[in-house]
Amino acid sequence: MYTRWLFFLSILVALMCFPLQWYPMALRLQLGQWLGADEYRAPPMAKIAADTTTELPCPEDLLNWRDAQTIAGVDVRHSPGCIVDNPNAVAAFVRGTNNVSQQILMASGLTPDAVEKGRDLDGDGDPDEIHIRLEVVELNGGSPESDLPTTQYAIAPGISPGFWVFAPKMFGMATENFESSKARSMLRLPSPAIRVEQGDIVKITLENSHYMPHTIHFHGVDHPFVDEDGEGNDGVPVTSEKPVLPGSSRTYNMQPRQSGTMFYHCHVQPHVHIMMGLQGLFVVEENRPNNWLQTLNVGAGHVRVPSVAVTEKFDREYDLQYLDIDIDLNNRIQKSNDPRLITRDMHRRYDITDAKSDFFTLNGRSFPYTFRESLVVTKPDEHIKLRIVNGGSTGIALHTHGHKVTATHYDGVEAKPAARITRDVVWIASAQRVDLDLETTNDGLHSYGSGIWLLHDHQEKGVTNDGIGPGGNVSAIVYENYLQENGWPKTQGMDFNKFFTAAYYRKEVPVWGDLLNGKFSDVEFDLWMLIRLLGLGLSLGVMVALVINGINKRRP
């Protein structure tokens, strides 16, 4: 008798605790007719968002790097973004680090042999012998002294995957100072864009300062398979040469005959090393008299000293490099600083066929940092040259808001005028390069007029940071009259401050929590619902136990 009453009591408790919203709609309506409508129960209170530390969207330009200035006889153009390149380094890349004063060299952070420029062999007023020295740098790698990564480089607030990059040869520390673990401004993703001229005698020396073997393959660049000494010159260990071991160096030789936008990258275990960041744009400029080139463009972006051939047709030039990141690959270098363990995990345990893309970058950053560095700034009636490379593993559907662009070159080869297409979505495959002509004539076709027009991958995952938007490779075409004095766009949409918090990209901040007085905020913990669910679970458990006990008693 006791057991029977306990069973019926458990059924009653279960019915009382069972949430009404779980019943089928038809049953809910019938119960409302029999018993009357359920009384109104207010929803849980909105949860007050936790305090978050907000970064300054546009840091102050304390050193006046953004200003137009003449250094060592080089006219370095004004760069309109919030964060720009060191103009002393730009001047040294143009003149050659062997041809500038010690003061400029010290201010640039470069070694005297980083970019050496020699004789003018054809007498046209510019050097034709170029020797570039590159090193390999690890960013956000494991540290033997701290749980935090070392030589830190963030692609967005709170997001610091591990990378390997080529970098110009520099002196001093890899970090900003003795007390900081943040990487110096020139040690960053992507590897620097390289510029040489048709016919230049070019030597590029890889001084392998890393703990792993590497090479450089010049993808699309005219170069011999072997050099004059019979040594491999294609950067491919399988067919051309042995990889450059740690502490060793190799010089690659070329004299490019064709101009165009090319690519360079490591070819050791390329499924890993390329995706880790060992890649960059390689531009062969058309030969012109007195054509002093900005040989390296660190981090890509705005070209502050464009070539003579570019200035003949265009008002501005931008290098844009896209990359997607599989965090399972990139963060393996943060688990250890033992080269043996890293080599095992990267090259034997990582399976690229199971890879997925978590982060998407433009010029080494993801939104909102892309608004600091990679805006395409213009004004009406201009021609802008965009040199684009997709260094990632998936294609990009590059979409321009407010404009239609014309693709003039593919993989460094000029398209015939009849084959050129003007459109607002351009497909760029992996490793492909496309030159785009952005015309800002307000004619309803090339441009719709001044504004802040987004520039982004139209594959929706590409505009997120690990699935949280906005993020990824979102940038914008911004007209000067929509740009503040400090380089930040005069946006008229949502408040950017929450995007500059690590908490937002940890999925801790409601996307629209600041709208409608918190109507879209998270909700407070519903204690009453928890009590009902515990009661439901307890009553169901008692019923099941009683049933099992009754079955056992009936067994002979």
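Notes on the structure in this doc start here. (Residues numbered from 1 in each chain as written. Predicted model: local features only at pLDDT ≥ 70, side-chain atom pairs only at ≥ 80, totals over all residues. Heavy atoms only, no water.)

**Considerations on helix α3 (residues 87-95)**
What counts here: Exposure is judged per residue with a 1.4 Å probe applied to protein chains only, and the accessible area is read against the type maximum: over 50% gives exposed, under 20% gives buried, and values in between give partly exposed. A run of H or I in DSSP counts as a helix once it spans at least four residues, and a run of E counts as a strand once it spans at least two, with each numbered from the N terminus. We call two residues in contact when some of their heavy atoms are within 4.5 Å. Side-chain atoms alone can form a polar contact between residues adjacent in sequence; in general such a contact is a pair of N or O atoms within 3.5 Å, and within protein one must be able to donate a hydrogen while the other accepts it.
Counting buried positions along α3 gives 8 out of 9 residues, so the element sits mostly inside the fold. The secondary structure elements touched by the buried residues of α3 are β1 (69-71), β2 (74-76), α4 (102-108), β3 (115-117), β5 (163-168) and β12 (296-297). For α3, the capping residue at the N-terminal end is Asn86, with a side-chain oxygen 2.9 Å from the backbone nitrogen of Asn88. Immediately downstream of α3, the backbone of Gly96 shows phi near 105°, a positive value.

**Side note on the pairing of strand β25 (residues 475-479)**
What counts here: When DSSP finds two or more bridges between two strands, those strands count as paired.
Burial analysis of β25 places 5 of its 5 residues in the buried class, which makes it a mostly covered element. Where burial is concerned, the two faces of β25 agree: the one with Ser475, Ile477 and Tyr479 and the one with Ala476 and Val478 are both buried. The sheet contact formed by strand β16 (residues 376-378) and β25 spans 3 bridges and is parallel. Residue pairing for β25: Val376 is matched across the bridge by Ile477. Inspection of the sheet shows strand β24 (residues 452-457) paired to β25 by 4 bridges, in the antiparallel sense. Paired with Ile452 across the strands is Val478, a residue of β25.

**Digging into the side chain of Arg66**
The condition is simple: The charge count includes Lys and Arg as positive and Asp and Glu as negative, but it does not include His or the ends of the chains. A side-chain nitrogen of Lys or Arg and a carboxyl oxygen of Asp or Glu constitute a salt bridge if their distance falls within 4 Å.
Topologically, Arg66 is positioned in the loop between α2 (25-35) and β1. No salt bridge forms around the buried Arg66; measuring N to O, its nearest opposite-charge neighbour Asp61 is 4.9 Å away. Only 2.9 Å separates the side chain of Arg66 from the backbone oxygen of Pro80, close enough to count as a polar contact. Ignoring any residue separated from it by four or fewer positions in sequence, one finds Arg66 in contact with Asp61, His78, Ser79, Pro80, Gly81, Cys82, Val84, Arg304, Glu485, Asn486 and Gly487.

**Considering the state of the cysteines**
Applied cut-off: Two cysteine sulfurs form a disulfide in these notes if their separation is within 2.5 Å.
Going through the model one piece at a time under the given rule, you end up with 1 disulfide. What pairs with Cys58 in a disulfide is Cys82, and their sulfur atoms sit 2.1 Å apart. Note on the Cys58 and Cys82 pair: the S-S dihedral is about -115°, so by sign convention the disulfide is left-handed. Of the two residues, Cys58 sits in the loop between α2 and β1 while Cys82 sits in the loop between β2 and α3, which places them 24 residues apart along the sequence. We classify Cys58 as buried; its relative accessible area is 10%. Classification of Cys82 as buried rests on a relative accessible area of 4%.

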